[in-house]
Amino acid sequence: MLALLGCLTVIAWSQKKPLDHTVYDGWRSIASPTLSNDGMWVAYGYQPQEGDRVNEVKSADGNKTYTFDRGGVFRFSGDSKFLVSTIVPKLADTKKATRDKVKPEDRPKNTLLILNLQSGQKTEIEKVASFTMAEQDAGWLIYRPEPPKAEPTKPAETKPDEKKDDKPKKKADHKPGDVYVLRNIGTGVETKLDDVVSVRFNKAGTQLLITRSTKDGAGDGIFMRDLGSGKEAEIVKGMGRYSKIAATDDFGVIAYATDKDDYAAKSPVLAIYSWSKGKSFMVAKEGSDGMQQGWVVAPAGSFTLSESGKRLTFGTIPKPVEEKKDDTPEDEKVSLDVWNWQDKMLQPQQLLMAASEKARTYDAIAFLETGRVVQLEGPDLRQVSTPTKYDIDYGIASDNRPYQREQSWGVSKADHYLVHLNDGKRQGLIQAFEGNVSLSPTGRYIVISNDVAKDISVARLPDLKQTSISAGIPNSLYDELDDHPDFPPLYGFAGWTKDDKRVLLYDRYDIWASDPSGTAKPVRLTFGRESHRIYRIVRTDPDEEFIGDTFLCSVTDDDTKASGLTRFSRPLNNKTTVDADATLIWGDKRYSWVGKSKNADRVLITAQTFVEYPNLMLTNTNLESPKAITDANPQQKDYNWGTAELVSWRSNDGVELQGILVKPENFEYGKKYPMIAYFYERDSDTLHQYRPPAPSASTINVSMYASQGYLVFIPDIPYKIGYPGESAISAITAGCNNIIARGYVDPKRVGIQGQSWGGYQVAYMVTETDMFAAACAGAPVSNMFSAYNGIRWGSGLTRQFQYEKTQSRIGGTMWENPMRYFENSPVFHADKIKTPLLIMHNDKDGSVPWWQGIEMFNAMRRLDKPAWMCVYNEEDHNLIQRKNRKDWSVRMQQFFDHFLKGAPMPKWMSEGVPAVDKGKDYGFALPKRGGN
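Quick look at the overall build of the protein
No. 1: Across its full length, the protein holds 13 helices and 56 strands.
No. 2: Over its C-alpha trace the protein gives a radius of gyration of 32 Å, about what one expects of a compact globule, namely 30 Å for 932 residues.
No. 3: C-alpha atoms of the protein, sized along the principal axes, occupy 95 × 80 × 65 Å.
No. 4: Evaluated residue by residue, the protein yields a buried proportion of 49% over its 932 residues.
No. 5: A total accessible area of about 44,700 Å² is found for the protein, and carbon and sulfur atoms account for 50% of it.
No. 6: Averaging the locations of the 120 positively and 122 negatively charged side chains of the protein gives two centres separated by 3 Å.

Printed below as a string of structure tokens:
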């Protein structure tokens, strides 16, 4: 019987197909999972990689399922009786319209769907541009129909005897608003609202704030509609634009900016008003008290009302001066960038930031109960962080401008100030500081994270008495495994308890509760270090600001990568002995929290492994008997997949390491397989990550290669400062040899692949070892000397910091350590290469200059060593366009299949693709086998 089962298993495997490049588009992910407020319904979308999304709504008991094609954005009604969703046009139709250059007004339009969850009745409203509902829906929605096609307008005729109208006219660029439709979801009764520019519901969904712009301007203004009675109240009325609005959740206070007072001017300026209890008063305008002389309210910039409605933060700018017209003919204008060694920022960075600098605004704060305005920011202090949740008296300012030249090469200093919001005065806190300074949620403390000293302290307000909150914690709160030549990053803050009584901090494994007042000693809330389990708090309620005595944690075993979710009950505000945790769910998977229904004990979670897609599971807050409610990719059962296991070995330096070994699902002991090692830095924590087949932006698709009969090895790499290439050799070759020694890998058919930093390591390794039969490097640095003083065009920064402080890990300048730059640069050792190398380096790479790939290719070409380079035009560091991703996926597999499986060499490798055939012949063709 066992023999028969074994035969049946082999037959089942043999019937499964290998994944290929045709499967990508139909592989689906789950989009926007949402629970209804009563927990009785779950909505989600099945989103293919390319194609039309399918939305489903499923009852919690599984007895009802509603499906609708091409579903877009959706919302449950507050009473959980309806689902409202857009239905988008077919992808094929929108693509055709794009190809045919169809005008926007003639392109396919969205439909609005209203689904009655009890009866299944569907109401569809065609040609709807958008819809909105309140946060706490009270049975209303408002939607904007697509506007009708505009009819050509004829200029108005003026009769000779007509009298001239002296009334101000609506400006040509001040267009009337659109038609919106207010709908009662339950009854279906609709009300048309004309001339609407914008709408917003109050939080409870009982009132609607409407901004209008009418054709003649007489009805311009802001109005509040009571949705119960249908009556509208006037907030403000008058010809003008009402471009900025902020309101409290209950609409008790409304702030708005308008140019109505200055509308007739050639360049009107904004004034800010505040409305409360039926009355409006002016808060700020040009020349008013508190406004800087010659400054105006900024048309763009912040406009934020505090939750209490007592404070408004808004942007200001110096009044624009009209620039004189430049009459120089275009063909005589000189276009150049002047680089000056004393510039605080390099020209490329300045050019990237030029638009944002021109649009820069400076925050002021208005105290709406008194009408007082205080300017907070200015050209001398550009960044002040102010609270909006609580009306506290302070803000924190940071100024990095004195150190901008040093920032080019990785120095991250700044001066920090305490800003008194009542009068704008600034009090120096700490200068030339490397770290972070912020306020606690209720503003009782300033939190100071000192990266240099690896210390976290708080300064009590208002007396600034300072206390270290990390001194009593015996373990480092900064990354223990970080191996960059710079200060290690902080593990992070878990959050605060109510009234800022305790701050919760992470070390490598555990959570600590520290008393910012310094009265009580820190308390360890979890016990992960002993068992090598990592605990991190899960915020289960997005509206919950503080962490209570009961909270949920994700838990991951650092050794095995098993994980789960655990509930804790902890006395966070006293010194009582902590309780044991209650593990709710645990296994050799990666568990994740998705969300909870608002009013019921219903929860969504996911679990994933290399084989198992993270489908939605419905359970309760105790995570009991989770039930799968989705099946995103049922077709997976028809394909040979793979398995992932954790492997361990020692590096050539004797360091104990971990990695992932992926085998084909139909793996057979006794058979010799080809293997590809893919790597970046440390990836063993991704053991239980599901990897769908997808066209590659740069790297091999692990599931695809396993299905095609490859083993894939993903090793962890620790680094020695100054020796990044040697570190890669030490970890990767030792790991590969460990796998080869197991007997199921053909040592003559091992390849390596990596992108960016991984690409550099590939390029370095082929100069130092001949153990690999093929290598593929994406965007590799090949010459650290020429790269060092280059520019990262995506940010405008010099690349120097990368070598001195960050990923390249040289740990000094090229003048201090020239031999390290030489030894770690593959191009200088290209004469030793015996491995065929495929390079991808795109001509708009903003991270690694693409001439780095050119240098490596030209060196190998001159040395008559097999090398190919694919350059995708107008593409950045990683491929963005899906057509290019598909193309690269095919080429990369053809390359490895040839050298590791003995497949025929395609034309693009054997002969190349001449420039005259660009775009006509892609060179994928394989030679014909025998005969004609």
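What to know about the nonpolar core
No. 1: In this structure, M675, F713 and I752 are the most contacted members of the largest nonpolar core, which totals 54 residues.
No. 2: Apart from the residues within four sequence positions on either side, M675 is in contact with L661, L711, F713, C736, I739, V745, R749, V750, G751 and L900.
No. 3: The next biggest cluster of nonpolar side chains, apart from the first, holds 49 residues, and it includes I30, V42, I700 and F895.

Notes on the sheet that holds strand 9 (residues 122–126)
No. 1: Sheet architecture is open: four strands sit in the order 6-7-8-9, paired in antiparallel fashion. The open sheet has two edge strands with one neighbour each: strand 6 (71–76) and strand 9. Taking the axes of each pair of neighbouring strands and ignoring which way they run, one obtains an average angle of 20° across the sheet.

Quick look at the packing of aromatic side chains
No. 1: Using the criterion set out here, one finds 33 aromatic pairs in the structure.
No. 2: Plain terms: the ring middles of Y760 and Y764 are 6.3 Å apart, the flat faces sit at 40° to each other, and that makes the pair tilted. One end of the pair is Y760 and the other is Y764, both in helix 7 (residues 757–765) and four residues apart, which spans about a single turn. Both residues of the pair, Y760 and Y764, count as buried.
No. 3: Aromatic ring contacts, followed pair by pair, group F785, Y788, Y803, W815, Y821, F822 and F828 into a single cluster.

Observations concerning the sheet that holds strand 34 (residues 493–496)
No. 1: Taken together, four strands build an open sheet; the order of strands is 34-35-36-37 and the sheet is antiparallel. Both edges of this open sheet fall to strand 34 and strand 37 (523–524), since each of them pairs with a single strand only.
No. 2: Relative to strand 37, strand 36 (residues 511–514) is paired through two bridges, and the arrangement is antiparallel. Counterpart to W512 in the pairing with strand 37 is R524.

So, the pattern of salt bridges
No. 1: Per the stated rule, a full pass over the model turns up 52 salt bridges.
No. 2: Across the salt bridge formed by E480 and R529, the nearest N and O atoms sit 2.9 Å from each other. Separated by 49 residues along the polypeptide, E480 in the loop between strand 33 (466–468) and strand 34 and R529 in the loop between strand 37 and strand 38 (533–538) bring together distant segments of the chain.
No. 3: For E480, a relative accessible area of 34% translates into the label partly exposed.
No. 4: What makes R529 partly exposed here is its relative accessible area of 22%.
No. 5: Measuring nitrogen to oxygen at the nearest pair gives 3.4 Å for the salt bridge that ties K832 to E768. Of this pair, K832 sits in the loop between helix 10 (818–823) and strand 55 (837–840) while E768 sits in the loop between helix 7 and strand 52 (774–778), and the two are 64 residues apart along the sequence.
No. 6: You can call E768 partly exposed: its relative accessible area is 40%.
No. 7: Salt bridges sharing partners connect three or more residues here, namely E480, D507, R508, R529, D558, K561 and D685.

Describing the environment of W409
No. 1: Counting through the fold element by element, W409 comes out in the loop between helix 4 (404–407) and strand 28 (414–420).
No. 2: Taking C-alpha positions, W409 is 6.8 Å from T798, a pair spaced 389 residues apart along the chain.
No. 3: Excluding anything up to four places from it in sequence, W409 contacts T798, Q800, F801, E804 and K805.

What about helix 6 (residues 724–740)?
No. 1: With 17 residues, helix 6 extends 24 Å between its outermost C-alpha atoms, agreeing within 8% with the 24 Å of an ideal straight helix rising 1.5 Å per residue.
No. 2: Judged by how many residues are buried, helix 6 sits mostly within the fold: 14 of 17 residues are covered.

Describing a negative patch on the surface
No. 1: Together, E135, D541, D543 and E544 line one region of the surface with negative charge.
No. 2: Here E135 shows up in the loop between strand 10 (128–132) and strand 11 (140–145).

Observations regarding the environment of H829
No. 1: Structurally, H829 can be placed in the loop between helix 10 and strand 55.
No. 2: What makes H829 buried here is its relative accessible area of 11%.
No. 3: For the pair H829 and Q118, spaced 711 residues apart in sequence, the C-alpha separation works out to 72 Å.
No. 4: When neighbours within four sequence positions are excluded, H829 is seen to be in contact with T767, F822 and E823.
No. 5: Separated by 3.1 Å, the side chain of H829 and the backbone oxygen of F822 make a polar contact.
No. 6: A polar atom in the side chain of H829 sits 3.5 Å from the backbone oxygen of E823.

What about the packing of helix 6 against helix 7?
No. 1: Look at helix 6 against helix 7: their axes get within 9 Å of each other, and the N-to-C directions meet at 85°. If you check the angle between helix 6 and helix 7, you find them roughly perpendicular. Residues P724, G725, E726, A728, I729, I732 and T733 of helix 6 touch helix 7, and the partners they reach there are W757, Y760, Q761, Y764 and M765.
No. 2: When its residues are assigned to classes, the contact of helix 6 with helix 7 shows eight nonpolar, three polar and one charged.

A closer look at the pairing of strand 50 (residues 711–715)
No. 1: In terms of residue burial, strand 50 counts as a mostly covered element, since five of its five residues are buried.
No. 2: Side chains L711, F713 and P715 of strand 50 all project onto a buried face; the interleaved residues V712 and I714 project onto the opposite face, where all are buried too.
No. 3: Of the strand pairs in this sheet, strand 48 (residues 656–664) and strand 50 are connected by four bridges, and their pairing is antiparallel. Each residue of the ladder has a partner; that of I660, found in strand 50, is I714.
No. 4: The pairing of strand 49 (residues 673–678) with strand 50 spans three bridges and is parallel. Looking at the pairing, M675 lines up with L711 of strand 50.
No. 5: As for the winding sense of the linkage, the β-α-β connection from strand 49 through helix 5 (residues 702–707) to strand 50 is right-handed.

Notes on unusual backbone geometry
Apart from glycine, the bulk of residues carry a negative phi angle, and the bulk of peptide bonds sit in the trans form.
No. 1: With an omega of 10°, the peptide bond between L461 and P462 qualifies as cis.
No. 2: Along the polypeptide, P462 turns up in the loop between strand 32 (455–460) and strand 33.
No. 3: The backbone of K561 sits at a positive phi, close to 75°, despite the residue not being glycine.
No. 4: Structurally, K561 can be placed in the loop between strand 39 (550–557) and strand 40 (563–569).
No. 5: What makes K561 buried here is its relative accessible area of 5%.

A short note on the confidence of the model for the protein
No. 1: Averaged over every residue, the pLDDT of the protein is 92; residues scoring 70 or more account for 95%.
No. 2: Within the model, the stretch residues 1–13 combines pLDDT values under 50 with two contacts to residues more than four positions away or in other chains.

What counts, and at which threshold
Residues numbered from 1 in each chain as written. Predicted model: local features only at pLDDT ≥ 70, side-chain atom pairs only at ≥ 80, totals over all residues. Heavy atoms only, no water. Helix = DSSP H or I, 4+ residues; strand = E, 2+ residues; numbered from the N terminus. Rg over C-alpha atoms; globule rule 2.2 N^0.38 Å. Buried < 20%, exposed > 50% of the residue type's maximum accessible area, 1.4 Å probe, protein only. Areas by Shrake-Rupley, 256 points an atom, 1.4 Å probe, with all protein chains shown as cover. Lys, Arg positive; Asp, Glu negative; His and termini not counted. Charge placed at Lys NZ, Arg CZ, Asp CG, Glu CD. Core = buried A, V, L, I, M, F, W, Y, C linked by side-chain atoms within 4.5 Å. Contact = heavy atoms within 4.5 Å. Pairing = 2+ DSSP bridges. Axes fitted to C-alpha atoms, helices over the stretch in contact; angles between N-to-C directions. Phe/Tyr/Trp six-rings, centres within 6.5 Å; stacked < 30°, edge-to-face > 60°. Salt bridge = Lys/Arg side-chain N within 4 Å of Asp/Glu carboxyl O. Expected span 1.5 Å × (residues − 1). Patch = residues over 30% accessible without salt bridge, like charges linked within 9 Å, V, L, I, M, F, W, Y side chains within 5 Å. Polar contact = N/O pair within 3.5 Å; in protein donor to acceptor, adjacent residues only side chain to side chain. Parallel < 35°, antiparallel > 145°, perpendicular 65-115°, else oblique. Nonpolar A, V, L, I, M, F, W, Y, C, P; charged D, E, K, R; others polar. Right-handed = clockwise from strand over helix to strand, strands pointing away. pLDDT = per-residue confidence, 0-100.

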